[in-house]
Amino acid sequence: MSEPDPTSSCGDEVLAPVAGAPHPDTVAIRAGRADNDTALAPILWATSTFITPDVDQSRAMATGVGATRFYTRYGNPTVRGFEDAIAELEGAETARAFASGMGALSAVILGICSRGDHIVAQRQIYAGTQLLLQSVCPRFGIDVTFVDGTEPGAFAAAVRPGKTVLVVAETPANPRLDLVDLAELGALAGPITVVDSTFATPLVQRPLDHGVDLVVHSATKAIAGHNDATLGVVAGSEELISWLWSFAVLQGASASPFDAWNGLRGLRTLPVRLERQSSTAQRLAEFLEAHPAVREVRFPGLASHPQRELARRQMALPGGLLTIELAGGFDAGQRFVESTRVAQLASSLGGPETLVTHPASTTHVSLSPEELEASGITRGTVRISVGLEHVDDLVADLDGALAP
Ligand SMILES: *Cc1c(COP(=O)(O)O)cnc(C)c1O
């Protein structure tokens, strides 16, 4: 496990590269081109199957792991390019792409755990992951304990030796941008650890560098980055990904070559998009924090973030997401998200368009009032995914929407 570079700090500079290795920005440009032949841009292998030369090779591909020229549910050269690029950016041995972030998360959870096993999971987590853990896992006899991921030692305290096989964390976490200490998670002995790093992307943090076993992304978000792909990915060791691959082929949530192709396209500009979104988000966060209609702003780049020191330690950039608490509660939240004109009301994040969501009426609508409260969501919580519009237009838009 390598320590994070002490000179890197959230919002001020990007992660320093390992000596001699290219910067992540360069890796994002060059990665995932192994199967390009002489084409500069990735080739879209829009085919469900491949002509196999003979029975022996066909058998080898059907029984081996990760064949890319057998049948697309098993693997595909375009999808492989995307997987290679993510593995390289995450510092992982390999990766496997899925049809969505939930495809990736359900493969990790149901591919690793069996009846009688125990999972420790973070309470502050994407609502789909929470519902999978809380309503699907018990049906299969898998027991789940939820803990506060921001509390030091909480994961370790909930681990049952010999029983806990998986620890599931998300950082920064939905929807209040709570952080989990990656070094603490990576130091857990026993269970397999997985981090949903969707909000961060590999440009902001690399969980595997801290000793975490698996990193998951909804590449639907910032990685593909243009709101035109539904895509997930898991990166880690050859051993773990091979194990997951065997489950994934039967689960059937394999990535579509077209979405993987859009994922590769998105990766090329991920570093510049993130820098711009982070700096715009910083300005919006400071503006909103000073606004009387806003009770609280959560953003890892603000001095007021309760885990600001941890953000400095493990995140290269604060990212483009911020969450606000409106003083006027549910009605103020609804009015705000229906009043913005540049920012649009839609449930996603990480794309070029600034989007606003009101979790109490959308993403978290199926949670009970107690579960809402446990997730730190109030009726006035609004999440903003900052896009690539001009910052002055966004400040004016939010200011207008907050006017009484
Ligand atoms: C969107 C999201 C997911 C689910 O990804 P899909 O691609 O929509 O299936 C999982 N985790 C986080 C943090 C997300 O934002």
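Predicted, not measured: the structure shown is a model, and the values here were computed from it.

Conventions and cut-offs
- Along each chain, residue indices are assigned from 1 in the same order as the chain's sequence is written.
- Residue-level local features of this predicted model are given only where pLDDT is at least 70; pairs of side-chain atoms are given and counted only at 80 or more, and the full residue set underlies all totals for whole chains, interfaces and linings.
- For side-chain calculations, the full set of non-hydrogen atoms in the structure is used, while hydrogens and water are omitted.
- Any residue with an atom within 4 Å of a point lines the site, the site being either a cavity, points on a 1 Å grid over the protein atoms alone where a 1.4 Å probe fits but cannot get out, or a pocket, an open set with protein on both sides within 12 Å along at least 5 of 7 lines.
- Grid points are joined across faces, edges and corners, and a volume is the space filled by probe spheres set on the points.
- Residue classes follow a fixed rule: Ala, Val, Leu, Ile, Met, Phe, Trp, Tyr, Cys and Pro count as nonpolar, while Asp, Glu, Lys and Arg count as charged, and any other residue, Gly among them, counts as polar.
- Residue ranges assigned to the domains are those given by an automatic or database domain assignment.
- Between N-to-C directions, angles span 0 to 180 degrees; the directions come from axes that are lines fitted to C-alpha atoms, helices contributing only their stretch in contact.
- Only DSSP runs of H or I with at least four residues qualify as helices, and only runs of E with at least two residues qualify as strands; both kinds are numbered from the N terminus onward.
- Our angle categories are set so that under 35 degrees counts as roughly parallel, over 145 as roughly antiparallel, 65 to 115 as roughly perpendicular, and the remainder as oblique.
- Definitions for this section: a left-handed crossing has its near helix turned counterclockwise from the far helix by less than a right angle. A right-handed crossing has that turn clockwise.
- Whether two residues are in contact is decided by their heavy atoms, any of which lying within 4.5 Å being enough.
- Here, nonpolar core refers to any group of buried Ala, Val, Leu, Ile, Met, Phe, Trp, Tyr and Cys residues whose side-chain atoms link them within 4.5 Å.
- Working definition: with a 1.4 Å probe on protein chains only, accessible area under 20% of the residue-type maximum means buried, over 50% means exposed, and in between means partly exposed.
- When at least one non-hydrogen atom of a residue lies within 4 Å of a molecule or strand, that residue is treated as near it.
- Pairs of N or O atoms within 3.5 Å make up the polar contacts considered here, provided that, within protein, one atom can donate a hydrogen while the other can accept it, and that residues adjacent in sequence are counted only when both atoms are side-chain atoms.
- Where accessible areas are quoted, they stem from the Shrake-Rupley method and a 1.4 Å probe; at the residue level, only the protein chains shown are allowed to cover.
- By buried area we mean the combined loss of accessible area, with a 1.4 Å probe, across both parts when two parts are placed together.
- The working definition used for a salt bridge is a side-chain nitrogen of Lys or Arg within 4 Å of a carboxyl oxygen of Asp or Glu.

Trainee: Please explain empty space enclosed by the protein as it appears in this structure.
Mentor: It is a probe the size of a water molecule, rolled over the atoms, that shows where empty space is left. Throughout the structure, instances matching the rule amount to four cavities of 30 Å³ or more. Its boundaries defined by the atoms lining it, the largest cavity holds a volume of some 90 Å³. Along its surface, the largest cavity is lined by Thr198, Phe199, Ala222, Leu274, Gln277, Gly319, Gly320, Leu321, Leu349, Gly350, Ser385 and Val386. Of the residues assigned to the lining of the largest cavity, the class counts are six nonpolar, six polar and no charged. When residues are assigned to domains, the lining of the largest cavity turns out to be shared by domain 1 (10–266) and domain 2 (270–402), each giving three or more.

Trainee: Got a minute to help me understand the packing of helix 9 (residues 257–289) against helix 13 (residues 391–402) in this structure?
Mentor: Helix-helix packing is described using two parameters, namely the angle between the two axes and the distance between the axes. Two elements in contact, helix 9 and helix 13, have axes separated by 10 Å at closest approach and are oriented at 30°. Taken together, the axes of helix 9 and helix 13 lie roughly parallel to each other. In this structure, helix 9 crosses over helix 13, and the sense of that crossing is right-handed. Listed contacts from helix 13 to Thr280, Arg283, Leu284, Phe287 and Leu288 of helix 9 are Val391, Asp392, Leu394, Val395, Leu398, Asp399 and Leu402. Of the residues contributing to the contact of helix 9 with helix 13, the split by class is eight nonpolar, one polar and three charged.

Trainee: Even after reading the chapter, I still don't get the nonpolar core, so can you show me in this structure?
Mentor: One broad rule of soluble globular proteins: the nonpolar side chains tend to lie buried together. Ranked by internal contacts, the top residues of the largest apolar core, which has 34 residues, are Phe82, Ile86, Ile223, Leu267 and Leu270. Elements with a contribution of two residues or more to this core: helix 1 (24–30), helix 3 (77–90), strand 1 (94–98), strand 7 (232–236), helix 9 and helix 10 (308–314). The biggest single contributor to this core is helix 3, with six residues. When residues of this core are assigned to domains, at least three fall in each of domain 1 (10–266) and domain 2 (270–402). Other than its neighbours up to four places away in sequence, Ile86 contacts Ile223, Val233, Ala235 and Leu267. Membership of the second largest hydrophobic core comes to 26 residues, among which are Phe98, Ala107, Cys113 and Leu132.

Trainee: Teacher, can you tell me more about the site of the ligand here?
Mentor: Lining the immediate environment of the ligand, one finds 14 residues, of which Gly101, Met102, Asp196, Thr220 and Lys221 sit closest. One of the side-chain nitrogen or oxygen atoms of Ser218 is found 2.8 Å away from an oxygen atom of the ligand. Between Thr220 and the ligand, the recorded distance is 2.7 Å, taken from a side-chain N or O atom to an oxygen atom. Relative to its unbound accessible surface of 380 Å², the ligand loses 91% to contact with the protein. With three residues, helix 4 (residues 101–112) is the single largest residue contributor to the shell around the ligand.

Trainee: Would you take a moment to explain the domain arrangement of the protein for this structure?
Mentor: Considered domain by domain, the protein is made up of domain 1 (10–266) and domain 2 (270–402). Summarising the inter-unit geometry, the C-alpha centres of domain 1 and domain 2 are found 26 Å apart. Each partner contributes to the interface: domain 1 provides 41 residues, whereas domain 2 provides 43 residues. Summed over both partners, the interface of domain 1 with domain 2 comes to about 3,700 Å²; 57% of that surface belongs to carbon and sulfur atoms. At the boundary of domain 1 with domain 2, the tally comes to four salt bridges. Ionic pairing is found between Arg176 and Glu325, a salt bridge with its closest N-O pair at 3.4 Å. For the pair domain 1 and domain 2, the interface holds 16 residue pairs in polar contact (both at pLDDT 80 or more). Among the elements of the structure, helix 1 and helix 5 (127–136) are those that each provide at least two residues to the side of domain 1 that touches domain 2. Per-element tally for the side of domain 1 that touches domain 2: the top contributor is helix 5, with four residues. Its residues assigned to classes, the side of domain 1 that touches domain 2 shows 20 nonpolar, 13 polar and eight charged.

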